[in-house]
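One letter stands for each residue in the lines below.
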Amino acid sequence: MRLVAAYLLAALGGNSQPSAGDLRSILESVGEEAEKERIDHLLSEVKGKDIAELIAAGREKFASVPSGGAVAAAPLASSVGGAAASAPAAAEPKKVEEKEESDEDMGFSLFD
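Fair warning: this is a prediction, and the values are worked out from it, not measured in the lab. (Residues numbered from 1 in each chain as written. Predicted model: local features only at pLDDT ≥ 70, side-chain atom pairs only at ≥ 80, totals over all residues. Heavy atoms only, no water.)

### Concerning the layout of surface pockets
Reasoning step 1: The volume enclosed by the largest pocket comes to roughly 480 Å³.
Reasoning step 2: Along its surface, the largest pocket is lined by 13 residues, and V4, L8, L54, I55 and G58 are the ones closest to its centre.
Reasoning step 3: Looking at the lining of the largest pocket, the elements with two or more residues in it are α1 (2-12), α3 (36-46) and α4 (51-63).
Reasoning step 4: When residues of the lining of the largest pocket are assigned to their parent elements, the largest contribution, seven residues, is made by α4.
Reasoning step 5: A breakdown of the residues in the lining of the largest pocket according to their chemical character gives 11 nonpolar, one polar and one charged. (1 Å grid on protein atoms, 1.4 Å probe; cavity = no way out; pocket = protein on both sides within 12 Å on 5 of 7 lines; lining within 4 Å. Points joined across faces, edges and corners; volume = space filled by probe spheres on them. Helix = DSSP H or I, 4+ residues; strand = E, 2+ residues; numbered from the N terminus. Nonpolar A, V, L, I, M, F, W, Y, C, P; charged D, E, K, R; others polar.)

Structure, rendered in structure tokens:
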């Protein structure tokens with residue numbers, strides 16, 4: 001991640017094709033070690049590619065990564081078995097209403 005950040009910093013600074021030395025100097029300026037093998041690997045992967053295209057491709061990949069509560073509910077439903085497993089996955093979740101906390105319960109208010 002540090003290498004990618006250093007590469008992007010160099011690109012934002014106007015260097016569209018940063019070299020290994022550029023990345024090394026950026027990393028060393030913040031006290032990080034620069035591993036030659038990892039720098040060479042990164043540069044070989046991005047050689048001749050446009051940064052904007054790489055970022056767009058990465059966003060497309062992140063769009064397919066599941067996130068949120070729906071992912072946690074799927075393993076739970078499949079582990080229950082029986083009738084719960086055969087229930088449709090598109091069932092609407094129940095809405096849980098939270099009680100509003102009241103200052104009366106504590107006998108004082110912060111703003112009195």
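### A closer look at the confidence of the model for the chain
Reasoning step 1: Considering every residue of the chain, the mean pLDDT works out to 77; 61% of them sit at 70 or more.
Reasoning step 2: For the chain, the element scoring lowest by mean pLDDT is helix α6 (residues 82-86), at 50; helix α2 (residues 20-29) scores highest, at 93. (pLDDT = per-residue confidence, 0-100.)

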